[in-house]
Amino acid sequence: MTVALVGAGPGDPDLLTVRAARLLAHADVVVHDALVGDGVLALVPPDAEVVDVGKRPGRPVPQELISTLLVELGRQGKQVVRLKGGDPFVFGRGGEEALALRAAGIEVEVVPGITSSVAAPAAAGIPVTHRGVAAAVTTVTGHRRAGEPDIDWRALARVGGTIVVLMGVAQRAVIAAELMAGGLAADTPVATVHRATTDAQVVDRCSLAGLCDHPVRSPAVIVIGPVAALDVTALLDSAAINAS
Ligand code: SAH
């Protein structure tokens, strides 16, 4: 009895790990989140059962219910793939599901995935660290539930380097204001990447002060810091053009 907690990567099925693709090809049941794209789901065998437990606004699926479902499926001895967007342990609640499965005596295999916190900036040509520009990267959630401690954005502003915010679209005005109150310059570059590595990808750039008024659609990753002004893939393109 093993349930595999598998990272689906940011969206493009080519960014699955080989292990993830192998497990998907042999799955009896796939339990997936809202973030897992159609391209990845197309790799699920036609006779496999597919369960969408995506938590969407207005239609929440309680976490306990998901864990209970995984335990039940695991006990049936099926090849169960719990598929999560990006990496299962980066804001994916994979840790909680692994603990619930272990508590029920079911073995857990964890297959890391390419997290959007790196892949979304990369899709915009942004290296999250860059020699001489950013020597640190902080990945942080912009979404706190009632009772959870707030992020100390002002302290984060003093860390330096790159700040990558997941689930931050709704709170972006507060986040920008707090980071500026903590000392980040109003003209600090910002990039937003919506649905990275899918056909619906949208990259936008603005300043930290401009982030509040900037229309951004969820899901998006918000990249804050000097690297957000870069597009190294565009530079490579123009270098190639210049050389020709
Ligand atoms: N485990 C996931 C993150 C889950 S939290 C990972 O490692 O990527 C959900 C948030 O991830 C979204 O609100 C958004 O901020 C970000 N996200 C996930 N996939 C994305 C994508 N393809 N493009 C942009 N943002 C994405």
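Residues numbered from 1 in each chain as written. Predicted model: local features only at pLDDT ≥ 70, side-chain atom pairs only at ≥ 80, totals over all residues. Heavy atoms only, no water.

Caption draft 1: Molecular detail of unusual backbone geometry. Residue Pro219 is reached from Ser218 by a cis peptide bond, and omega for that bond is -5°. For Pro219, the position within the fold is in the loop between β9 (202-207) and β10 (220-224). For Phe91, which is not a glycine, the phi torsion comes out positive at approximately 50°. Topologically, Phe91 is positioned in the loop between β4 (80-84) and α4 (94-103). At Met167, a position not held by glycine, the phi torsion is positive, near 55°. (Helix = DSSP H or I, 4+ residues; strand = E, 2+ residues; numbered from the N terminus.)

Caption draft 2: Spatial organisation of the site of the ligand. Around the ligand sit 17 residues, and of these Pro10, Val90, Thr115, Ser116 and Ala220 come closest. At a separation of 2.9 Å, a nitrogen atom of the ligand approaches a polar backbone atom of Gly85. Coverage of the ligand by the protein chains reaches 93% of its 540 Å² of free accessible surface. Its residues placed into classes, the shell around the ligand shows 11 nonpolar, 4 polar and 2 charged. Split by domain, the shell around the ligand shows at least three residues from each of two domains, domain 1 (2-111) and domain 2 (116-232). (Near = heavy atom within 4 Å. Polar contact = N/O pair within 3.5 Å; in protein donor to acceptor, adjacent residues only side chain to side chain. Areas by Shrake-Rupley, 256 points an atom, 1.4 Å probe, with all protein chains shown as cover. Nonpolar A, V, L, I, M, F, W, Y, C, P; charged D, E, K, R; others polar. Domains from an automatic or database assignment.)

Caption draft 3: Main features of the domain arrangement of the chain. Entries for the chain in the domain assignment read domain 1 (2-111) and domain 2 (116-232). In this structure, domain 1 and domain 2 have C-alpha centres spaced 27 Å apart. Facing 9 residues of domain 1, the contacting portion of domain 2 comprises 12 residues. When domain 1 packs against domain 2, the two sides together hide about 700 Å² of surface, and 71% of this comes from carbon and sulfur. When residues of domain 1 are sorted by the area they lose upon contact with domain 2, Pro10, Leu35 and Phe91 head the list and together hold 62% of the total. Our count for the domain 1 to domain 2 interface comes out at 0 salt bridges. The tally of links from domain 1 across to domain 2 stands at 2 residue pairs in polar contact (both at pLDDT 80 or more). In the side of domain 1 that touches domain 2, the residues fall into 5 nonpolar, 2 polar and 2 charged. (Contact = heavy atoms within 4.5 Å. Buried area = accessible area lost by both parts, 1.4 Å probe. Salt bridge = Lys/Arg side-chain N within 4 Å of Asp/Glu carboxyl O.)

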